[in-house]
Amino acid sequence: MSKIPVYLMPGLAASTAIFERIALPSATFETHLLEWEIPLDNESLMDYAKRIAEKIKHKNPVLIGVSFGGILVQEMAKYIDARKVIIISSVKSNLEFPRRLKIAKTTKAYKLIPVNLILNMESLAKFSFGEKVNQRLKLYEKFLSVRDIRYLNWAVEQVVLWERTVVDENVIHIHGDMDDVFPIKNIKNCVVVKGGTHIMILNKYKWLNENLPSIILETKKEVNVFL
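What you see is a predicted model, and the numbers here were worked out from it, not measured in a lab.

Our focus in this paragraph is the overall build of the protein chain. Looking only at helices and strands, the protein chain features 9 helices and 6 strands. Buried residues in the protein chain amount to 46% of all 227 residues. Considering only residue pairs separated by 6 or more positions, the protein chain has 66% of its internal contacts joining residues 24 or more positions apart.

Shown next as structure tokens:
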């Protein structure tokens, strides 16, 4: 029996290092890491998704995306026949966006976000206070690998302006009940991870390693037992 190909897409600007603690049984699964690429001039999310989907070299793969990566794999699924699409710490449509993102879309406030700060973590650290903040900055410095300002501006805009309003009922959604980016109160029909934050791919990896294999192998109806 051939192994099940699983493709992992990190969150906005994040490197594949966020998956370093995710370990699926190698006898059953074959894991592949997808990376962000710099968008082409005026490239739409649809065209970008099609371009990244061309990197999928296996038939009927499992697509797993985190945060913005979750949005992207849902768009990629339009171009390939995926065995299963799983999103983590993400949203299934713009109806699950928090109010602040909806306001940002209406007012175009997202254009004012100083994304260039992300390009220089050391400068940002000078304005931070306390050990916890500096530890978080070190964490960001390790896992945020894409610091091209063109990509960052593009990515923020693609999230805010995402047009999907109809949920794909086949998408499996794993979400933490303490996610502060996409609050659980706005999320429907998901597998809830207690104590999970927006970065639970890093600190809830044990739960994911224990549950992802069965979630991948089970039917959507069987996964609903979690809901």
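So, about the sheet that holds strand S3 (residues 62-66). Taken together, 6 strands build an open sheet; the order of strands is S2-S1-S3-S4-S5-S6 and the sheet is parallel. Either end of the sheet is taken by a strand with one partner, and the two such strands are strand S2 (29-33) and strand S6 (191-193). Strand-to-strand twist of the sheet, defined as the mean angle between neighbouring strand axes without regard to direction, takes the value 20°. Pairing of strand S1 (residues 4-9) with S2 involves 5 bridges; the strand directions are parallel.

The topology assignment puts Gln 74 in helix H2 (residues 68-76). In terms of polar contacts, Gln 74 uses its side chain to reach the backbone carbonyl oxygen of Gly 70, at 3.1 Å. Ignoring anything within four residues of it in the chain, the contact list for Gln 74 reads Val 85, Ile 87, Val 91, Lys 92, Trp 162, Arg 164 and Val 171.

What follows deals with the packing of aromatic side chains. Working definition: an aromatic ring pair is given by the centre-to-centre distance plus the angle between the planes. Throughout the structure, instances matching the rule amount to 7 aromatic pairs. Ring centres of Tyr 48 and Trp 154 lie 4.5 Å apart, and the angle between their planes is 45°; on these two criteria the pair is classed as tilted. Taken together, the residues span a long stretch of sequence, with Tyr 48 in helix H1 (residues 45-53) and Trp 154 in helix H6 (residues 149-160) at a distance of 106 residues. Take Trp 154: its relative accessible area is 8%, and that puts it in the buried class. Between Tyr 151 and Trp 154, the ring centres sit 6.3 Å apart and the planes meet at 40°, which makes this aromatic pair tilted. Taken together, the positions of Tyr 151 and Trp 154, both in helix H6 and 3 residues apart, correspond to about one turn of that helix. Tyr 151 gets classed as buried once you look at its relative accessible area, which sits at 0%.

For helix H8 (residues 205-217), with 13 residues, the first-to-last C-alpha span of 18 Å sits near the 18 Å given by 1.5 Å per residue. Three or more residues of H8 are buried, namely Leu 208, Asn 209, Asn 211, Leu 212, Pro 213, Ile 215 and Ile 216.

With that out of the way, let us pick up the pairing of S1. Taken residue by residue, a regular strand's side chains alternate between the two faces of the sheet. Counting buried residues along S1, 6 of its 6 residues qualify, which places the element largely inside the surrounding structure. Burial along S1 is two-sided: Ile 4, Val 6 and Leu 8 and Pro 5, Tyr 7 and Met 9, pointing in opposite directions, are all buried. Two elements, S1 and S3, share 4 bridges in a ladder whose sense is parallel. Each bridged residue has a counterpart across the sheet, and for Tyr 7 the counterpart in S3 is Leu 63.

Those residues of H1 that fall on the buried side of the exposure criterion are Leu 45, Tyr 48, Ala 49, Ile 52 and Ala 53. Along the axis of H1, the buried positions cluster into a sector of 135°, meaning they face one direction only.

The rules behind the values
- Residues numbered from 1 in each chain as written.
- Predicted model: local features only at pLDDT ≥ 70, side-chain atom pairs only at ≥ 80, totals over all residues.
- Heavy atoms only, no water.
- Helix = DSSP H or I, 4+ residues; strand = E, 2+ residues; numbered from the N terminus.
- Buried < 20%, exposed > 50% of the residue type's maximum accessible area, 1.4 Å probe, protein only.
- Contact = heavy atoms within 4.5 Å.
- Pairing = 2+ DSSP bridges.
- Axes fitted to C-alpha atoms, helices over the stretch in contact; angles between N-to-C directions.
- Polar contact = N/O pair within 3.5 Å; in protein donor to acceptor, adjacent residues only side chain to side chain.
- Phe/Tyr/Trp six-rings, centres within 6.5 Å; stacked < 30°, edge-to-face > 60°.
- Expected span 1.5 Å × (residues − 1).
- Arc of directions from axis to C-beta.

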